[in-house]
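Results of the structural survey
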Amino acid sequence: VSDESYLTHVGEVMPDQSPAFFESFGRAVRQVPQPWKLLVVGHEQLNRQRLSPVMARHGLEGYVEFIDHLPQARLYELIVGAAAGVLAPGPMSYWWTNHAKLVDYVGLRKPVLAVVPDPSEARSVLTRANLGIFLDGDAERATATLAAFLNGETPPPEPIAEECDRYLASSQVASFVDVFESLL
């Protein structure tokens, strides 16, 4: 990992994933004086293959770093050290699905740069936790929102602790215990 500030995109880049975030990132990093990296953590070979055409089209080769699967503890260290997580399936992805890494981002109280449908389960979760920075609108507007965040003009949102804590394993286990005990 480089010394630059970074964002994390955790998981597999899906074949039908929208390129909207990557396009906005390519434009935004050229508008900010501070160097930024996007760490794409997951199946390195697959992610590299799927993102290479987008990277070439938008000149992202120096701004994206691919990292293969990591132990969970190391992955969490990267997420905690990031300025924000990235959740970018696209504005037309399935609105009723929630993404596994969203749970980690929320539990770790990490701001999330999101390109998700409105309405969607992901948007609802991020809104309740006050962690969403939504890259909505046309490409120009999404790029401006992202550049403002990268420049520090838009401070990270203050997470709502009670909502974030609901996504911790300890809270989820406690909920399961309550359910099981109520059935006995």
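Everything discussed here concerns the structure shown above.
Residues numbered from 1 in each chain as written. Predicted model: local features only at pLDDT ≥ 70, side-chain atom pairs only at ≥ 80, totals over all residues. Heavy atoms only, no water.

1. Notes on the nonpolar core
Formally: By convention a nonpolar core is built from buried Ala, Val, Leu, Ile, Met, Phe, Trp, Tyr and Cys residues, the set being connected through side-chain atoms within 4.5 Å. We call a residue buried when its accessible area falls under 20% of the maximum for its residue type, exposed when it is over 50%, and partly exposed in between, using a 1.4 Å probe and counting protein chains only. Helix and strand definitions follow DSSP, with helices as H or I runs of at least four residues and strands as E runs of at least two, each counted in order from the N terminus. Any two residues whose heavy atoms approach within 4.5 Å are treated as being in contact.
Ranked by internal contacts, the top residues of the largest apolar core, which has 29 residues, are L7, F21, F25, L38, L113, L146 and L150. Of all elements in the fold, only α1 (20–28), β2 (36–41), α2 (44–58), β3 (64–67), β4 (84–87) and α6 (139–151) reach the threshold of two or more residues within this core. In terms of residues, this core owes the most to one element, α6, which gives five residues. Each residue touching L38, except ones within four places of it in the same chain, is listed here: L7, T8, H9, F21, F22, F25, Y63, V64, E65 and V86. Formed by 24 residues, the second largest nonpolar core is a distinct cluster that contains Y6, L39, L126 and F134.

2. Focus: unusual backbone geometry
The linkage connecting D118 with the following residue, P119, adopts the cis geometry, with an omega of 10°. Along the polypeptide, P119 turns up in the loop between β5 (112–114) and α5 (121–129). Within the chain, R109 stands out as a residue other than glycine whose phi angle is a positive 60°. Structurally, R109 can be placed in the loop between α4 (100–107) and β5. Residue N130 is not a glycine yet carries a positive backbone phi of 55°. In this structure, N130 sits in the loop between α5 and β6 (132–134). Classification of N130 as partly exposed rests on a relative accessible area of 33%.

Note that all results are geometric; they support no functional claim without further evidence.
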